[in-house]
Amino acid sequence: WQIGTRLALDHPANQFPLHDDDRHAILIAGGIGITPIKAMAQELKARGNTFELHYSGRTAAEMAYRDRLAIEFPGQLHLYSTRESGATRIDLRSVMRAAPADSLFYVCGPSRLIEAARVAARELTIPAGRVQYESFE
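Report on the accompanying structure. Computed from a predicted structure; not experimentally measured. (Residues numbered from 1 in each chain as written. Predicted model: local features only at pLDDT ≥ 70, side-chain atom pairs only at ≥ 80, totals over all residues. Heavy atoms only, no water.)

Looking only at helices and strands, the protein chain has 4 helices and 5 strands in total. For the protein chain, the sequential pattern of α-helices and β-strands runs β-α-β-α-β-α-β-α-β. Here the contacts in the protein chain between residues at least 6 apart in sequence split such that 70% fall between residues at least 24 apart. A total accessible area of about 8,500 Å² is found for the protein chain, and carbon and sulfur atoms account for 50% of it. When the 16 basic and 16 acidic side-chain charges of the protein chain are each reduced to a single mean position, those positions are 4 Å apart. (Helix = DSSP H or I, 4+ residues; strand = E, 2+ residues; numbered from the N terminus. Contact = heavy atoms within 4.5 Å. Areas by Shrake-Rupley, 256 points an atom, 1.4 Å probe, with all protein chains shown as cover. Lys, Arg positive; Asp, Glu negative; His and termini not counted. Charge placed at Lys NZ, Arg CZ, Asp CG, Glu CD.)

This is the structure we're talking about:
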């Protein structure tokens, strides 16, 4: 690039939009995928929507925003660890099965988390349109 180089730019486009009605939301984040999920949780809380926030990380110490999330969403936050002995791992089928009938699911994180959520939704006959995802690797 050189000084004076012209760039063609367009407006930002949201490829991971949040619904605009009052349906219950299940937010599922893996690792740094918490970044957009955190903003979604804040928006849902501000609107008065019901939601759950499921956040999985390798260890508690590696989970970004963990302490802040616990304060901001005490009744909605569920934490899981994948590499700590005795810690609980997220069970996507159980989370999805327990969700209210019209819930929307938002998943952001590594591809293996997204694929596991898509498989669980298919097995539970949750329509694909109710499961939104964004890869964050």
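Here we come to the side chain of His19. Position of His19 among the secondary structure elements: in the segment before strand 1 (25–30). According to the relative accessible area criterion, His19 is buried, its value standing at 8%. A polar contact is formed between the side chain of His19 and the backbone oxygen of Arg23, at a distance of 3.0 Å. In this structure the side chain of His19 is engaged in a polar contact, spanning 2.7 Å, whose partner is the side chain of Tyr106. With sequence-adjacent residues up to four places away left out, His19 is seen in contact with Ala25, Leu44, Arg47, Asn49, Leu104 and Tyr106. (Buried < 20%, exposed > 50% of the residue type's maximum accessible area, 1.4 Å probe, protein only. Polar contact = N/O pair within 3.5 Å; in protein donor to acceptor, adjacent residues only side chain to side chain.)

Now for the nonpolar core. Soluble, globular proteins show a tendency: their nonpolar side chains are buried together. Ranked by size, the top nonpolar core spans 20 residues in total, and within it Leu27, Ile37, Leu53 and Tyr106 carry the most contacts. Those elements that provide at least two residues to this core are strand 1, helix 1 (34–47), strand 2 (51–57) and strand 4 (104–109). Element by element, the count of residues in this core is highest for helix 1, at 5 residues. When residues no more than four places from it in sequence are discounted, the contact partners of Leu27 are Ile37, Met40, Ala41, Leu44, Phe51, Glu52, Leu53, His54 and Tyr106. Within the second largest apolar cluster, 17 residues are counted, among which are Tyr80, Leu113, Ile114 and Val131. (Core = buried A, V, L, I, M, F, W, Y, C linked by side-chain atoms within 4.5 Å.)

Strand order in the open sheet formed by 5 strands is 3-2-1-4-5, with parallel pairing between adjacent strands. Every other strand in the sheet has two partners, leaving strand 3 (77–81) and strand 5 (131–135) as the edge strands with one partner each. Between one strand axis and the next, the sheet turns through 15° on average, direction left out of account. Sheet topology places strand 1 next to strand 2; 6 bridges connect them, and they run parallel. Residue pairing for strand 2: Ile28 is matched across the bridge by His54. (Pairing = 2+ DSSP bridges. Axes fitted to C-alpha atoms, helices over the stretch in contact; angles between N-to-C directions.)

In this section: the pairing of strand 1. When a strand is regular, its side chains alternate between the sheet's two faces. Of all 6 residues in strand 1, 6 are buried, a share of seventy percent or more. Judged by which residues are buried, strand 1 turns out to be covered on both faces: Ala25, Leu27 and Ala29 on one side and Ile26, Ile28 and Gly30 on the other are all buried. Pairing geometry for strand 1 and strand 4, over 5 bridges, is parallel. Counted as the bridge partner of Ala29 is Cys108 from strand 4.

On inspection of all chains with the given rule, the structure shows 7 salt bridges. Here Asp21 and Arg23 are joined by a salt bridge, their closest N and O atoms 2.9 Å apart. A relative accessible area of 28% means that Arg23 is categorised as partly exposed. The partner of Arg47 in a salt bridge is Glu43, with the nearest N and O atoms 3.1 Å apart. Placement of both Arg47 and Glu43 in helix 1 is noted, with a separation of 4 residues, approximately one turn of the helix. Assessed through its relative accessible area of 34%, Arg47 is described here as partly exposed. What makes Glu43 partly exposed here is its relative accessible area of 37%. Taken together, the salt bridges that share partners define one network made up of Glu115, Arg118 and Arg122. (Salt bridge = Lys/Arg side-chain N within 4 Å of Asp/Glu carboxyl O.)

Purely geometric stuff here, so don't read any function into it on its own.
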